[in-house]
Every structure is written in C-alpha cells, then in structure tokens.
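Below are the chains, spelled out letter by letter.
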Amino acid sequence: MDCAEVYRFLIEELDEHLDEPSRRSIKEHLSSCGNCATTLQSLKKTVSLYKSQPSLIVPQSLLSHVLAVIKSSRAKPSE
Ligand SMILES: [Zn+2]
C-alpha cells in the first residue's frame, strides 16, 4: 500500500467504514511512514472539530479539500 492509497482509505477510516484487513494495512503503513501518520492525526483533529459543531455537515467535501492540499504539498520537487 502506498501513500496515495492510504490517503484514500483515511477518509473511510475517519467514517469508520473501513474493513479490518484494510485497517490493518493502513496501520502497518502508518508505522513506517511518518508523513501519513501526521496526516491522519491532523485529519482526525479537523474532523472532531467539525463533529463538535453539529450545525456543520461538510466533512466529506472538507476532507477532499484537505487531501487535495496534502497531495499537492507532497508533490513539491524539494523531496
Ligand atoms: Zn505514507
């Protein structure tokens, strides 16, 4: 599983729709990839922030936006 795949699964993980095998592969990847681990942390923070405000029901589009930002920042040639 590479980072791009993990990002896609993270959305499911946050929705708690992920099946057990996928969740395990993500955990494995996170333990060896600090980038994705950090990404998951900030996503969880963002989502819990939104969940604490019931009037805001935009997590899916928000997540897509956040993931797009993360992907573009990772695409920098400085690596
Ligand atoms: Zn990764």
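Residue positions within a chain follow its written sequence, with the count starting from 1. Side-chain atom pairs in this predicted model are given and counted only at pLDDT of 80 or more, local residue features only at pLDDT of at least 70, and totals for whole chains, interfaces and linings cover all residues. The basis for every side-chain value is the complete set of heavy atoms in the structure, and neither hydrogens nor water enter the calculation.

Peer 1: Would you explain the overall build of the protein chain in this entry?
Peer 2: Secondary structure counts use DSSP, requiring at least four H or I residues in a row for a helix and at least two E residues in a row for a strand, with both numbered from the N terminus. The number of helices and strands found in the protein chain is four helices and zero strands. Along the protein chain, helices and strands appear, N-terminal first, in the series α-α-α-α. Put simply, the protein chain has 79 residues, and 29% of those count as buried. Look at the contacts in the protein chain between residues 6 or more apart in sequence, and 61% of them connect residues 24 or more apart. Only protein chains enter the area calculation, which uses a 1.4 Å probe; residues under 20% of their type maximum are buried, those over 50% are exposed, and those in between are partly exposed. Note on contacts: a residue pair is in contact if any heavy atoms of the two residues lie within 4.5 Å.

Peer 1: For this particular structure, what's the right way to read the coordination of the zinc ion?
Peer 2: Octahedral metals with six donors have ideal donor angles of 90 or 180 degrees. Tetrahedral metals with four donors have an ideal donor angle of 109.5 degrees. Donor criterion used throughout: N, O or S atom within 2.8 Å of the metal, extended to 3.2 Å for Na, K and Ca. Water excluded; incomplete-looking sites may result. Summarising the metal site, the zinc ion is bound by the protein donors Cys3 (SG), His29 (NE2), Cys33 (SG) and Cys36 (SG), whose distances to it range over 2.0 to 2.3 Å. The motif formed by the donor residues of the zinc ion, counted along the single chain, is C-x25-H-x3-C-x2-C. One exposure class covers both His29 and Cys36, and it is buried.

Peer 1: Honestly, the nonpolar core in this entry has me stumped. Any pointers?
Peer 2: Soluble globular proteins tend to bury their nonpolar side chains together. What we call a nonpolar core is a set of buried Ala, Val, Leu, Ile, Met, Phe, Trp, Tyr and Cys residues that are connected through their side-chain atoms within 4.5 Å. Of all hydrophobic cores here, the largest spans 18 residues; its most connected members are Tyr7, Leu10, Leu30, Cys36, Leu43 and Leu67. The residues touching Leu30, leaving out its near neighbours within four places in the chain, are Val6, Cys36, Ala37 and Leu40.

Peer 1: What am I meant to see in the confidence of the model for the protein chain here?
Peer 2: Low-confidence regions, as indicated by low pLDDT, have predicted coordinates that should not be scrutinised in detail. In this model, the protein chain carries an average pLDDT of 78, and 82% of its residues clear a pLDDT of 70 or more. Per-residue confidence from the prediction method is given by pLDDT, with values spanning 0 to 100. Mean pLDDT per element in the protein chain: helix α4 (residues 59-74) is the minimum at 75, and helix α2 (residues 20-32) is the maximum at 90.

Peer 1: Can you help me understand the side chain of Thr39 in this one?
Peer 2: Along the polypeptide, Thr39 turns up in helix α3 (residues 34-51). The residues contacting Thr39, other than those within four sequence positions of it, are Tyr7, Leu10 and Ile70.

Peer 1: Help me understand the side chain of His29, please; the structure alone is not making it clear to me.
Peer 2: With respect to the helices and strands, His29 occurs in helix α2. Exposure remark for His29: the relative accessible area of 12% places this residue in the buried category. Here the side chain of His29 touches Met1 through a polar contact of 3.2 Å, landing on its backbone oxygen. If sequence neighbours within four positions are ignored, His29 has contacts with Met1, Asp2, Cys3, Val6 and Cys36. Any pair of nitrogen or oxygen atoms within 3.5 Å is treated as a polar contact; in protein, a donor-acceptor pairing is required on top of that, and neighbouring residues in sequence qualify only through side-chain atoms on both sides.

Peer 1: I would appreciate a short explanation of α2 in the present structure.
Peer 2: Residues spaced three or four apart along an α-helix face the same direction, because each turn holds 3.6 residues. Working rule for helices: expected span equals 1.5 Å times residues minus one. Taking 1.5 Å per residue as the helical rise, α2 with its 13 residues ought to reach 18 Å, and the 19 Å between its terminal C-alpha atoms agrees with that figure. Along α2, the residues classified as buried are Ser22, Ile26, His29 and Leu30. One face of α2 carries all of its buried residues, which in axial projection span an arc of 100°. Opposite the buried face of α2, at more than 90 degrees from it, the exposed residues are Pro21, Lys27, Glu28, Ser31 and Ser32. This arc is taken over the directions from the axis of the helix to the C-beta atoms.

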